[in-house]
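Coordinate inspection notes
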Protein chains: 2
Amino acid sequence: MVVMIEVIDPWGSCLVEDYACVVRDFGLEQFRASAFPKPNRIMRRGVVFAGRDLQRIAECIKNKKPFYALTGIMPSSEKIHLGTRLVVDNLKYFQEHGAKTFILVADLEAAAARGVPVAEARKRALEFHIPAYLALGLDYRKTAFYFQSENTTVIKLAFEASQKITLAEFKAAYGSAEPGRIMSAVTQIGDILYPQAEKPLPGIIPVGIDQEPHIRLTRDYLNSIKSSKRFVQVSSIYHKFTPSLDGSLKMSKSKPESCIELPEDPKVACKKIQRALTGARDTLEEHKRLGAIIEKDMVFELLKQHLVEDDNELKEIHDEYKSGRMSAGEIKQIACEKMTAFLKDFDAKLEDSRSLVKDLQFVS
Amino acid sequence: MVVMIEVIDPWGSCLVEDYACVVRDFGLEQFRASAFPKPNRIMRRGVVFAGRDLQRIAECIKNKKPFYALTGIMPSSEKIHLGTRLVVDNLKYFQEHGAKTFILVADLEAAAARGVPVAEARKRALEFHIPAYLALGLDYRKTAFYFQSENTTVIKLAFEASQKITLAEFKAAYGSAEPGRIMSAVTQIGDILYPQAEKPLPGIIPVGIDQEPHIRLTRDYLNSIKSSKRFVQVSSIYHKFTPSLDGSLKMSKSKPESCIELPEDPKVACKKIQRALTGARDTLEEHKRLGAIIEKDMVFELLKQHLVEDDNELKEIHDEYKSGRMSAGEIKQIACEKMTAFLKDFDAKLEDSRSLVKDLQFVS
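Just so it is clear, the model here is predicted, and its values are computed rather than measured.

**Considering the overall build of chain A**
Helix and strand counts for chain A come out as 15 helices and nine strands. Relative to the 2.2 N^0.38 estimate, which gives 21 Å for 364 residues, the radius of gyration of chain A is 21 Å and therefore close to what a compact globule would have. For the C-alpha atoms alone, the extent of chain A along its principal axes is close to 65 × 45 × 45 Å. Pairs at least 24 apart in sequence give 75% of the contacts found in chain A among residues at least 6 apart. Of the roughly 15200 Å² that chain A leaves accessible, carbon and sulfur atoms contribute 50%. In chain A, 53 side chains carry a positive charge and 50 a negative one; their mean positions are 4 Å apart.

Following this line, the structure appears as structure tokens:
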């Protein structure tokens, strides 16, 4: 599949289907896991595929120099889906390797781009999204949270940046330029630079590739004011999407039957896995002879991206399935068991994390 | 002069030259001084010429019901000019007639639309603009001040509003739609509605006619969400510009020789008045025979808009000058004397007001 697009829309459906093309056309650096110590599961497996100014962060880690990692929570809905976990995996990686870690609640963006009242976004974030991010493995003692709407430093940085950006640049980056989206995007510049408000500091923003326009806008802004030396150019790291179980590019709550939600009843999740697109052959005989087409198999992709930590275990499943010795039914069974364990673990950790929220310190 | 424009640009030079046309084309209400108790100097003299939903405010005054009046300070430069005083005159009028009074420092707008760093805008406002507004007659004990950048309620209202406004609507209201200007304009919606954040309250925004797009954007937004009944539609009141001393439409610091600045050395001001465009005839003989063309006379306009409080005194000068009994030299002498007294008084009050600033309570 080679479908390229000129503009990636971080608010809409995404058409990116050829990640090599994306790397080339957007001038990204290819990600090399060997450049980072103890790369995480998705780094080792090519799910993380690109970045910008990665070397600066690799050196911070190597030399134990301070840097930051930042991501945002969009509380526009009441659940998240499995794909969201990839951002947390990367954030966690940098947190464990010394990054000062920031998570912002994009309550202003939820209002401006999606029409969710700020108060409602706040409520959802406190009740669910923040506990969910903690449940996915972040250390709450090492993570600074804030709400966009309460962080006047972010607001000031955003408004200052807005004066340097033209409507034409915005349209080039985003395709459309509705006021609510401009407000959101410019506020993200404020977010991305917030950890540098006091003094310059290298920082990395882990995102899905659909968020590239925000990175580009921020980097272009920093290039345009670089004489000021107020900020270090920001680094970014991109992961592929967790595909929809029906084989389309990106898991999405708009297709619930092909989307694993968090939280979700394991029985429901297993039913979805049962119906997932696989790379198995039409008949069992043919499957045994030719083996599965792994690269079209959404169940193997689930195992690779999310459910199997151990590389040897994954390789074993890969080899068995690709050779035809393992059937689609069997790999689905494995996925169902591992998914059940994962979802139960998530539920338990979500409960624990909820009790932490009242003690969190929010920065501003 | 009949020059009409489709779009009034609140950030640029303004081409409005026919106020009757403006009233008609923008669907404004004509201002009737008789509808308000004890109308102020500029209300009585047709300098205040239009409004929107004025009746609602007149009734609040009449029935002693609560309402608010709000204006903004734009600290993009280090001085103001005499024309700015008209806004303060109207704000003062409503303050004296029971309005809860708000003055915001548009530090975010200064950053987004004019490239003034937020910290610099804050400094200028504290050192000069706030004391200057107080020196022009507002009661600091009855005025709530705030900085946009510190008022998270304003920010929330602004971002919520941004989602309801399209780029097309913005362009229709403003002509251009650069990101910094969108951010500024939407933030003004937050400002205008801020006094209603807790509960609906009638309010009036006194502005020069060049600020009409902000009023229109806010009113359109309120119309679009009116089912929510969260806000009372806002009222507005418009004054004409103080013209440039060379006869062009609007006094502006970009033409310093035709602009009375505040503060200003009275001698410098008098020199400017000496060179002002008048309606005097070419020769003294002709002047005595035909009298001055009052409506082209910038010196009489200064007296009318700013320097003579008493209507009888103004009428006397008018009649003398129009009949030709008073020469241009004589009216300039009167203006110079009155301007000198005004500027000295302003200086003294500015000093007094500066000592109040440290005790002001800022709301947010």
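Next comes the rest of the description.
**Regarding the packing of aromatic side chains**
As enumerated under the stated definition, the model contains 26 aromatic pairs over all chains in all. With a centroid separation of 5.9 Å and an interplanar angle of 85°, the aromatic rings of Phe102 of chain A and Tyr194 of chain A are classed as edge-to-face. Of this pair, Phe102 of chain A sits in strand E5 (residues 100–105) while Tyr194 of chain A is found in the loop between helix H9 (179–193) and strand E7 (203–208), placing the two residues 92 residues apart along the sequence. Neither residue differs from the other here; Phe102 of chain A and Tyr194 of chain A are each classed as buried. Grouping aromatic residues by their ring pairs yields a cluster made of Phe31, Phe36, Phe67, Tyr93 and Phe94 of chain A. In this arrangement the basic side chain of Arg122 of chain B is found over the ring face of Phe147 of chain B, its NZ or CZ atom lying 4.2 Å from the centre.

**Quick notes on the interface of chain A and chain B**
Contacts between chain A and chain B engage 30 residues on the former and 30 residues on the latter. Carbon and sulfur atoms supply 72% of the area buried between chain A and chain B, which totals about 2600 Å² over both sides. Applying the counting criterion to the chain A and chain B interface returns zero salt bridges. Of the residues forming the side of chain A that touches chain B, the biggest block, seven residues, is contributed by helix H7 (residues 152–162) of chain A. Looking at the side of chain A that touches chain B, its residues break down into 16 nonpolar, eight polar and six charged.

**Overview of the relation of the copies chain A and chain B**
For the match of chain A to chain B, the screw axis carries a shift of 0.0 Å, the RMSD comes to 0.0 Å, and the turn is 180°. Taken together, these values place the two copies in the relation of a two-fold axis. By C-alpha distance to the rotation axis, the residue of chain A lying nearest is Met183 of chain A, at 3.2 Å. Mapped onto chain B, 100% of the interface residues of chain A again fall at the interface, so both copies present the same surface.

**A short note on the environment of Glu29 of chain A**
Residues and elements named next belong to chain A. With respect to the helices and strands, the residue Glu29 is situated in strand E1 (residues 29–30). On the accessibility criterion, Glu29 (31% relative accessible area) is partly exposed. Taking C-alpha positions, Glu29 is 9.9 Å from Tyr238, a pair spaced 209 residues apart along the chain. Not counting the four nearest positions on each side in its chain, Glu29 is found in contact with Phe49, Ala50, Gly51, Arg52, Asp53 and Leu54. Here Asp53 takes part through its backbone nitrogen, which lies 2.6 Å from a polar atom of the side chain of Glu29.

**Observations concerning helix H5 (residues 107–114) of chain B**
Most of H5 of chain B sits out of view: seven of its eight residues are buried. All of the buried residues along H5 of chain B are Asp107, Leu108, Glu109, Ala110, Ala111, Ala112 and Ala113 of chain B. Looking at the buried side of H5 of chain B, the elements it contacts are H7 of chain A together with strand E5 (100–105), helix H6 (118–135), strand E6 (143–147), helix H7 (152–162) and helix H9 (179–193) of chain B. A positive phi of about 75° marks Gly115 of chain B, the residue just after H5 of chain B.

**A short note on the environment of Ile61 of chain B**
Residue and element names in this part refer to chain B. Tracing the chain through its elements places Ile61 in helix H3 (residues 54–62). Given the relative accessible area of 9%, Ile61 is considered buried. Along the chain, Ile61 and Phe94 lie 33 residues apart, while their C-alpha atoms are 8.5 Å from each other. Ignoring any residue separated from it by four or fewer positions in sequence, one finds Ile61 in contact with Phe36, Pro37, Phe67, Tyr93, Phe94 and His97.

**Comments concerning the domain arrangement of chain A**
All names here are of chain A. In terms of domains, chain A is made up of domain 1 (5–244) and domain 2 (263–351). Put simply, the middle of domain 1 and the middle of domain 2, counted by C-alpha atoms, are 30 Å apart. In this complex, domain 1 contributes 18 residues to the contact, which on the side of domain 2 involves 18 residues. In terms of surface lost to domain 2, no three residues of domain 1 exceed Arg45, Leu82 and Ala135, which account for 35% of the buried area on that side. The interface formed by domain 1 and domain 2 includes three salt bridges. Scanning the region where domain 1 abuts domain 2 turns up 13 residue pairs in polar contact (both at pLDDT 80 or more). Every element with two or more residues in the side of domain 1 that touches domain 2 is listed here: helix H2 (41–44), helix H4 (85–96) and helix H6 (118–135). Counting residues per element, the side of domain 1 that touches domain 2 draws most heavily on H6, which supplies four residues. Considered class by class, the residues forming the side of domain 1 that touches domain 2 number 11 nonpolar, two polar and five charged.

Conventions used here
Residues numbered from 1 in each chain as written. Chains lettered and ligands numbered in written order. Predicted model: local features only at pLDDT ≥ 70, side-chain atom pairs only at ≥ 80, totals over all residues. Heavy atoms only, no water. Helix = DSSP H or I, 4+ residues; strand = E, 2+ residues; numbered from the N terminus. Rg over C-alpha atoms; globule rule 2.2 N^0.38 Å. Contact = heavy atoms within 4.5 Å. Areas by Shrake-Rupley, 256 points an atom, 1.4 Å probe, with all protein chains shown as cover. Lys, Arg positive; Asp, Glu negative; His and termini not counted. Charge placed at Lys NZ, Arg CZ, Asp CG, Glu CD. Phe/Tyr/Trp six-rings, centres within 6.5 Å; stacked < 30°, edge-to-face > 60°. Buried < 20%, exposed > 50% of the residue type's maximum accessible area, 1.4 Å probe, protein only. Lys NZ or Arg CZ within 6 Å of the ring centre and 35° of its normal. Buried area = accessible area lost by both parts, 1.4 Å probe. Salt bridge = Lys/Arg side-chain N within 4 Å of Asp/Glu carboxyl O. Nonpolar A, V, L, I, M, F, W, Y, C, P; charged D, E, K, R; others polar. Least-squares fit on C-alpha atoms with pLDDT ≥ 70 in both. Polar contact = N/O pair within 3.5 Å; in protein donor to acceptor, adjacent residues only side chain to side chain. Domains from an automatic or database assignment.

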